[in-house]
Amino acid sequence: SFVGFSGSGKTTLIEQLVQRLTAKGYKVGVIKHHHGQRDTGIDVEGKDTWRYRQSGAAITALVAPDGMTLFLPQENLTAEEAVERLTRQLPVDLILVEGFKRSSLPKFIVLPPQMSAEDARQMLSQLLLQIGDPSTIVGLIGQPDATLAPSPVSPVQLADLPHFAHDEVERLCEFVERWASSRF
């Protein structure tokens, strides 16, 4: 899961990962956690789910407190076609998740690419408090100076975790591939 505050670059990063992984032959699904209602302007041009679909995700999901919505690349399906399409689409090689800070999913913390080291440290501290279980953190994306500084709220040695800049998408993609293959 890629976690961070709004504007940190999570969506753009996941889009780029989907494109690279898809180009390598993986069937990639994307799930986005959504705190609002499912039916309020979702999957319209420019919104995150629309962007994931445009980047080539085989399936995209939006999860909200009142349920989950799946987006498939085909439109105007009949009920029978939708059932057939869903059962055919579900087998994906890899699912990338945006959000779910408190989940037990492995997480990359994503900090905005352009901010002061002090602001990044404060944001990182807030995220670590929201995550709750720092053992779920597998990597950091963003400010090296801030993410490598000792944190009083985290027993995890952040300096020991892989760190990626926002423009190191290929390196991150290779890490995700290795990490996923070692677990499945």
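Everything below is about the structure shown above.
Attention here is on the structure that accompanies the text. (Residues numbered from 1 in each chain as written. Predicted model: local features only at pLDDT ≥ 70, side-chain atom pairs only at ≥ 80, totals over all residues. Heavy atoms only, no water.)

**Considering the environment of serine 181**
Then comes step 1: Along the chain, serine 181 turns up in helix H6 (residues 169-183).
Then comes step 2: Serine 181 sits in the exposed class, given a relative accessible area of 53%.
Then comes step 3: A sequence separation of 87 residues divides serine 181 from leucine 94, and the C-alpha atoms of the two residues are 9.8 Å apart.
Then comes step 4: At a separation of 3.0 Å, a polar atom in the side chain of serine 181 contacts the main-chain carbonyl oxygen of arginine 178. (Helix = DSSP H or I, 4+ residues; strand = E, 2+ residues; numbered from the N terminus. Buried < 20%, exposed > 50% of the residue type's maximum accessible area, 1.4 Å probe, protein only. Polar contact = N/O pair within 3.5 Å; in protein donor to acceptor, adjacent residues only side chain to side chain.)

**Things to note about the packing of aromatic side chains**
Then comes step 1: One pass over the full model with this rule turns up four aromatic pairs.
Then comes step 2: Their ring planes at 70 degrees and their centres at 6.2 Å tell us that phenylalanine 108 and phenylalanine 164 sit as a pair that is edge-to-face. In this pair, phenylalanine 108 is assigned in strand E6 (residues 107-110) and phenylalanine 164 in strand E8 (residues 163-164), connecting sequence segments 56 residues apart. In this pair, the class of phenylalanine 108 matches that of phenylalanine 164, namely buried.
Then comes step 3: Taken together, the ring pairs connect Phe2, Phe108, Phe164 and Phe175 into an aromatic cluster. (Phe/Tyr/Trp six-rings, centres within 6.5 Å; stacked < 30°, edge-to-face > 60°.)

**Notes on the nonpolar core**
Then comes step 1: One finds Phe2, Leu17, Leu96, Phe108, Ile141 and Leu172 to be the most contacted residues of the largest nonpolar core, which totals 23 residues.
Then comes step 2: Those elements that place two or more of their residues in this core are helix H1 (10-23), strand E2 (28-33), strand E5 (94-98), E6, strand E7 (137-141) and H6.
Then comes step 3: Take this core: its biggest share by element is six residues, from H6.
Then comes step 4: Every residue in contact with phenylalanine 2, bar those within four places of it in the chain, is listed here: Lys10, Leu13, Ile14, Leu17, Leu96, Val97, Glu98, Gly99, Phe108, Val110, Ile141 and Leu172.
Then comes step 5: Val3, Ile109, Leu128 and Leu161 belong to the second largest nonpolar core, which has 13 residues in total. (Core = buried A, V, L, I, M, F, W, Y, C linked by side-chain atoms within 4.5 Å. Contact = heavy atoms within 4.5 Å.)

**Remarks on helix H2 (residues 48-55)**
Then comes step 1: Within H2, the full set of buried residues consists of Asp48, Thr49, Tyr52, Arg53 and Ser55. Here the buried residues of H2 occupy an arc of 160 degrees about the axis, which is enough to place them on one side.
Then comes step 2: Residue glycine 56 follows H2 closely and has a positive phi angle near 110 degrees. (Arc of directions from axis to C-beta.)

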